Structures are given as C-alpha cells and as structure tokens.
Amino acid sequence: MTLADLLHPVDPARFFAEFHDRQPLHVRGGAAKFANVLSWSVIDRLLNQTHIWTSQSLKMQMDGQPVPPEAYCLRATSRDNAPVLQPDARKLREWAAKGASFVLNDVDSLTPGLASVSEALEGANLGRAQANVYVSFQAHKAFPAHFDTHDVWAVQVEGEKTWNIWSGRADYPIPHPAFRSLGQAHHDRAKGVLREKVLLKAGDLLYLPRGWYHDALAEGPASVHVAYGVHAPIGLDLANLLVERAIQDPPFRQPLPRQDGTPAAQFALTTRAAQLGQRLAELARDPQVLQVLARQVAEARYHRGGVNLLAARGLEPERAEEAASPEGSGFRVLAAGAKPVRRGTDWVLKTPAATLPLTPPEAEAAGWLLARREVDAASLRAAHPGVDAENLLTRLTDAGALAAA
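**Details of the sheet that holds strand 17 (residues 402–404)**
Strand pairing within a sheet occurs via backbone hydrogen bonds; the two strands may be parallel or antiparallel.
Here is step 1 of the chain: As summarised here, the arrangement of the three strands in space is 16-12-17, forming an open sheet in which the pairing is antiparallel. A single partner strand is all that each edge strand has here, and the edge strands are strand 16 (374–376) and strand 17. Across the sheet, the mean angle from the axis of one strand to that of its neighbour is 35°, orientation sign disregarded.
Here is step 2 of the chain: The sheet contact formed by strand 12 (residues 330–333) and strand 16 spans three bridges and is antiparallel. Looking across to strand 16, one finds that Arg-332 is bridged to Glu-374.

This is the structure in structure tokens:
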C-alpha cells in the first residue's frame with residue numbers, strides 16, 4: 001500500500017498542496033478498500049491472544065468516561081514475569097453488552113494488514129505512524145470533543161461513524177502536561193463552532209491535522225475504525241539534538257555566574273547567557289549537526305517486521321510479507337443483505353457491479369454466506385459440500401459481493 005492508495009481518488013500532490021497541516025479531508029472509498037486492514041474476526045483473534053494485553057494496551061470507555069481497569073481486568077503475571085492487570089474475556093463480553101467502547105492501543109505491527117497503512121504513511125515521509133483500534137457501539141460516545149497531539153488518519157473498516165469536526169484548532173500541541181492537563185471545560189470553549197459533520201462508511205478515510213478539535217459517535221449497531229497517529233519531527237527534536245551536542249562544549253558545562261544581587265553579577269549572567277545562545281546558533285548551523293538532523297527527519301519511522309529466520313540461514317529465499325490476514329483465505333461480505341432471486345428456472349444475484357447467474361446449489365450457498373459478515377473457503381465447503389467453494393468465492397468477489405480480508 002502507498003499514500004496514493006490511501007488517498008485515492010485524491011492525488012497526493014493535491015493533498016500536500018491543499019490539506020496537509022492545513023485542513024481536514026474526507027476521502028470516500030468502497031467497502032473493499034480497507035477490507036484487508038482489519039475485520040471482526042481479526043479483532044477477536046487479537047483479543048484472544050490474552051497475554052499481549054494489559055490495562056494499558058486495552059482501555060475501555062463508557063459514555064465519555066474511562067472504565068476502571070479493575071472492572072474488566074484480573075491480576076495476572078505478564079510474559080515478562082511482572083504483575084499486571086490483564087483483561088478478562090468474561091468481563092469484556094459483559095462490557096460489550098452494555099455498549100462500552102474498546103480501545104486497542106499500539107496495534108500497528110500486530111498484523112500485516114494493520115502494518116500496511118503504517119508503512120504507507122511512513123513511506124511518504126510523514127513521520128512515525130502508530131495505530132489504535134476503536135470499537136464503538138450505537139448511541140454510546142467514547143470521548144467528548146478533544147484534539148490530538150499528532151495528525152490523525154482515521155481508516156473506517158466496519159460499520160459507520162459520524163464525526164463532528166469543529167472550527168477550533170490548538171496551536172501545534174505536543175504530548176506534554178501543558179497540553180494534556182487543559183481540562184474538558186477548556187476544550188468545550190476552544191473547540192469553536194461546528195465546521196462540518198462527516199459520516200465515515202467502511203472504506204472511507206478521514207485526515208485531521210494535529211490539534212484539530214473533533215468527536216465521533218457510532219452509527220448503526222457497531223463501528224470499527226483504526227486511528228493512525230502520525231508524529232512528524234518537530235523543532236524540539238533539533239533542541240534535543242543541540243543538548244546532546246552542547247554536552248561536548250566546556251562552556252555549557254561550566255557553572256553559571258553566582259548571583260549576589262549586585263548589578264555586576266546580573267550583568268555577568270546576562271553576558272554568559274548571550275554567549276551560550278550564540279554558541280547554540282553556531283551549533284545549529286554546524287554541518288555535522290545538520291547532517292544528523294536531516295537523517296533523523298528522513299528516517300522518522302518505527303521499525304517493524306522483516307524477520308525471516310529460514311532465509312537468514314539460507315534455507316529458503318526471502319519472501320515479501322503478505323498484506324492479507326494470516327489465514328489468507330478469508331472474505332468480507334460487502335453486499336450485506338443481498339439475496340439470490342429466482343427468474344423462471346434460473347437463479348441470479350444482483351450486485352452494484354454485476355448480475356451473477358447461479359445454479360440452484362450455488363444460490364443456496366450464496367444466500368448462506370451473504371447472511372454473514374465474513375466467510376472462508378473451509379466453512380463454505382463444510383456447509384455446502386455440493387458446490388465448488390473456491391470458484392463461487394472468486395465469482396462473488398469479481399462481482400463485488402465479497403472482498404478478500
């Protein structure tokens with residue numbers, strides 16, 4: 001996946017000219033666009049990997065308020081043999097029944113599908129991409145109006161969600177207590193007037209520049225979106241680099257002039273501060289410092305994937321990571337509610353892309369699988385052994401009724 005794939009049909013050149021760091025952008029896409037990024041079955045599979053989750057990596061919200069970890073976790077021992085609060089499956093199901101929202105943090109490397117979007121954003125040199133999954137249920141808002149301290153790329157993968165985009169924008173906030181402790185009363189004042197309402201459907205993308213006020217509410221029974229937070233290098237990165245470089249300069253290690261309240265002492269401190277400031281300006285122009293800074297900006301990405309142990313031993317050739325789910329045989333149903341209909345002695349299935357003729361056994365099998373959210377060849381063969389499962393799945397995919405997940 002590339003940035004052009006994410007933004008299609010918006011051209012990347014137009015995005016950088018009109019929207020990047022300037023204003024929100026809603027890109028509509030078909031339901032198949034992000035079918036291989038995430039699905040309900042993958043969410044369940046990830047959550048069932050019990051030992052990778054704690055009360056920090058899996059958080060819950062109920063009608064705008066955080067759910068206390070003790071209400072959905074048990075005391076356990078982590079894989080690193082440390083005491084943790086670990087989510088309990090029974091309690092998770094109970095909170096889901098109540099309508100609580102689930103937030104799965106730092107998931108950008110957990111599956112190839114999730115990683116594909118991160119790689120696209122980082123490949124465009126936008127910064128480091130980190131992903132959280134938000135699972136929400138109808139009529140239950142997880143978070144009030146707020147801003148984020150990074151650019152947000154929201155990828156809608158299941159259901160629908162309405163976003164309120166407000167006119168207010170914080171002035172380049174960063175993850176620092178000065179911005180994290182502002183309080184909801186401040187946000188409610190600073191968010192401004194409602195700029196627009198955006199309905200994200202499966203396959204849609206929403207870009208929000210850093211600091212832009214927003215909130216969202218699930219439409220329909222359930223909604224899932226993946227929020228990719230992109231952290232671009234900022235001026236403070238240069239400041240941190242200069243601190244490391246200044247350590248090598250004796251003037252920065254020398255004591256500052258002692259202050260005894262006299263004008264001479266104050267003048268000495270002012271003079272020393274000016275000298276150090278001038279030296280910092282010189283270091284900021286140093287070719288070696290600029291070279292390191294340029295490399296840090298160009299390489300602003302997280303390192304994920306790339307392990308192939310057999311290839312490292314020369315026992316098999318290098319292989320590319322697959323963007324599909326680990327099973328590689330799953331399909332997401334796009335034509336929800338569609339049913340084969342009988343025309344005389346023939347059966348057909350109408351989709352927005354085609355009218356597909358079916359045999360009576362295929363019509364029965366198609367009706368069975370289109371009543372589900374997801375399906376795979378093995379389950380189709382087990383339920384309807386009289387049809388060629390692979391052939392039917394391929395034809396339904398070509399007709400736009402299914403998408404590989």
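**Some thoughts on the layout of surface pockets**
Here is step 1 of the chain: Looking at the largest pocket, its volume works out to about 1,200 Å³.
Here is step 2 of the chain: As for the largest pocket, its lining consists of 50 residues, of which Tyr-134, Phe-143, His-146, Phe-147 and Asp-148 are closest to the centre.
Here is step 3 of the chain: Taken together, the elements giving at least two residues each to the lining of the largest pocket come down to strand 2 (58–62), strand 6 (101–104), strand 7 (128–137), strand 8 (151–169), helix 6 (177–180), helix 7 (184–190) and strand 11 (212–231).
Here is step 4 of the chain: For the lining of the largest pocket, the class distribution of residues is 23 nonpolar, 21 polar and six charged.

**Brief notes about helix 11 (residues 287–298)**
Counting along an α-helix, one turn takes 3.6 residues, and residues three or four places apart therefore face a common direction.
Here is step 1 of the chain: Counted at 1.5 Å a residue, the expected span for helix 11 with its twelve residues is 16 Å, and the 16 Å between its end C-alpha atoms agrees.
Here is step 2 of the chain: With a side-chain oxygen lying 2.7 Å from the backbone nitrogen of Gln-288, the N-terminal cap of helix 11 falls on Asp-286.

**Description of the environment of Arg-79**
Here is step 1 of the chain: Within the element layout of this structure, Arg-79 appears in the loop between strand 4 (73–77) and strand 5 (83–87).
Here is step 2 of the chain: In this structure, the C-alpha to C-alpha distance between Arg-79 and His-214, residues 135 residues apart in sequence, is 37 Å.

**Thoughts on the pairing of strand 10 (residues 205–208)**
Here is step 1 of the chain: Burial along strand 10 is two-sided: the face carrying Leu-205 and Tyr-207 and the face carrying Leu-206 and Leu-208 are both buried.
Here is step 2 of the chain: Sheet topology note: the strand 1 (residues 25–27)/strand 10 ladder contains three bridges and is antiparallel. If you follow Leu-25 over to strand 10, its bridge partner there is Tyr-207.
Here is step 3 of the chain: Bridge count for strand 8 against strand 10 is four bridges, and the pairing is antiparallel. Within strand 10, the residue paired with Trp-153 across the bridge is Tyr-207.

**A look at unusual backbone geometry**
Here is step 1 of the chain: Here the amide bond leading from His-8 into Pro-9 is cis, since omega sits at 15°, within 30 degrees of zero.
Here is step 2 of the chain: Relative to the assigned elements, Pro-9 resides in the loop between helix 1 (3–7) and helix 2 (12–18).
Here is step 3 of the chain: A positive phi angle, close to 60°, is found at Asp-21, a residue other than glycine.
Here is step 4 of the chain: Among the structural elements, Asp-21 can be located in the loop between helix 2 and strand 1.
Here is step 5 of the chain: Look at Asp-21 and you get partly exposed, because its relative accessible area is 30%.
Here is step 6 of the chain: In this structure, Asp-63 is a non-glycine residue whose phi angle is positive, near 50°.
Here is step 7 of the chain: For Asp-63, a relative accessible area of 45% puts it in the partly exposed group.

**A look at the side chain of Ser-136**
Here is step 1 of the chain: Position of Ser-136 relative to the elements: it lies in strand 7.
Here is step 2 of the chain: For Ser-136, a relative accessible area of 4% puts it in the buried group.
Here is step 3 of the chain: In this structure the side chain of Ser-136 is engaged in a polar contact, spanning 3.0 Å, whose partner is the side chain of Lys-161.
Here is step 4 of the chain: Setting aside its immediate chain neighbours within four residues, Ser-136 contacts Ser-101, Lys-161, Ala-218, Ala-222 and Ser-223.

**A closer look at helix 10 (residues 263–284)**
Here is step 1 of the chain: Under the 1.5 Å per step criterion, the end-to-end length of helix 10 is 32 Å for 22 residues, consistent within 8% with the ideal 32 Å.
Here is step 2 of the chain: Turning to helix 10, its buried residues number three or more, namely Ala-265, Arg-272, Leu-276 and Leu-283. Down the axis of helix 10, the buried side of the element spans an arc of 35°, and every buried residue falls inside it. In helix 10, the exposed positions that point more than 90 degrees away from the buried face belong to Pro-263, Ala-264, Phe-267 and Gln-278.
Here is step 3 of the chain: Along its buried surface, helix 10 packs onto helix 8 (235–246), helix 9 (250–253) and helix 11.

**Some remarks on the sheet that holds strand 13 (residues 341–343)**
Here is step 1 of the chain: Pairing within the open sheet is antiparallel, and its three strands lie in the order 13-14-15. Edge positions in the open sheet fall to strand 13 and strand 15 (355–358), since each of these has one partner strand only. Averaged over all pairs of adjacent strands, the angle between strand axes in this sheet comes to 40°, irrespective of strand direction.
Here is step 2 of the chain: Strands in contact with helix 13 (residues 360–370) are strand 14 (346–350) and strand 15; relative to strand 15, the strand with the most contacts, it is inclined by about 125°.

**What about the pattern of salt bridges?**
Here is step 1 of the chain: Counted under the stated rule, the structure contains 16 salt bridges.
Here is step 2 of the chain: With a closest N to O distance of 2.5 Å, Asp-249 and Arg-279 form a salt bridge. Taken together, the positions of Asp-249 in the loop between helix 8 and helix 9 and Arg-279 in helix 10 put the pair 30 residues apart, joining distant regions of the chain.
Here is step 3 of the chain: What makes Asp-249 buried here is its relative accessible area of 8%.
Here is step 4 of the chain: Arg-279 gets classed as partly exposed once you look at its relative accessible area, which sits at 27%.
Here is step 5 of the chain: Each of the salt bridges in this network shares a partner with another, and the network as a whole consists of Asp-108, Glu-119, Glu-122, Arg-301 and Arg-304.

**Some remarks on the nonpolar core**
Here is step 1 of the chain: In terms of nonpolar packing, the biggest core is built from 50 residues, with Val-37, Leu-38, Leu-121, Trp-153, Val-226 and Tyr-228 touching the most fellow members.
Here is step 2 of the chain: With residues up to four places along the chain from it excluded, the contact list for Leu-38 reads Ile-43, Leu-114, Val-133, Val-157, Val-224, Val-226 and Arg-332.
Here is step 3 of the chain: Counting residues in hydrophobic clusters, the runner-up holds 22 residues, among them Ala-335, Leu-349, Val-375 and Leu-380.

What counts as what
Residues numbered from 1 in each chain as written. Predicted model: local features only at pLDDT ≥ 70, side-chain atom pairs only at ≥ 80, totals over all residues. Heavy atoms only, no water. Pairing = 2+ DSSP bridges. Helix = DSSP H or I, 4+ residues; strand = E, 2+ residues; numbered from the N terminus. Axes fitted to C-alpha atoms, helices over the stretch in contact; angles between N-to-C directions. 1 Å grid on protein atoms, 1.4 Å probe; cavity = no way out; pocket = protein on both sides within 12 Å on 5 of 7 lines; lining within 4 Å. Points joined across faces, edges and corners; volume = space filled by probe spheres on them. Nonpolar A, V, L, I, M, F, W, Y, C, P; charged D, E, K, R; others polar. Expected span 1.5 Å × (residues − 1). Polar contact = N/O pair within 3.5 Å; in protein donor to acceptor, adjacent residues only side chain to side chain. Buried < 20%, exposed > 50% of the residue type's maximum accessible area, 1.4 Å probe, protein only. Contact = heavy atoms within 4.5 Å. Arc of directions from axis to C-beta. Salt bridge = Lys/Arg side-chain N within 4 Å of Asp/Glu carboxyl O. Core = buried A, V, L, I, M, F, W, Y, C linked by side-chain atoms within 4.5 Å.

The values are spatial; any link to function lies outside them.
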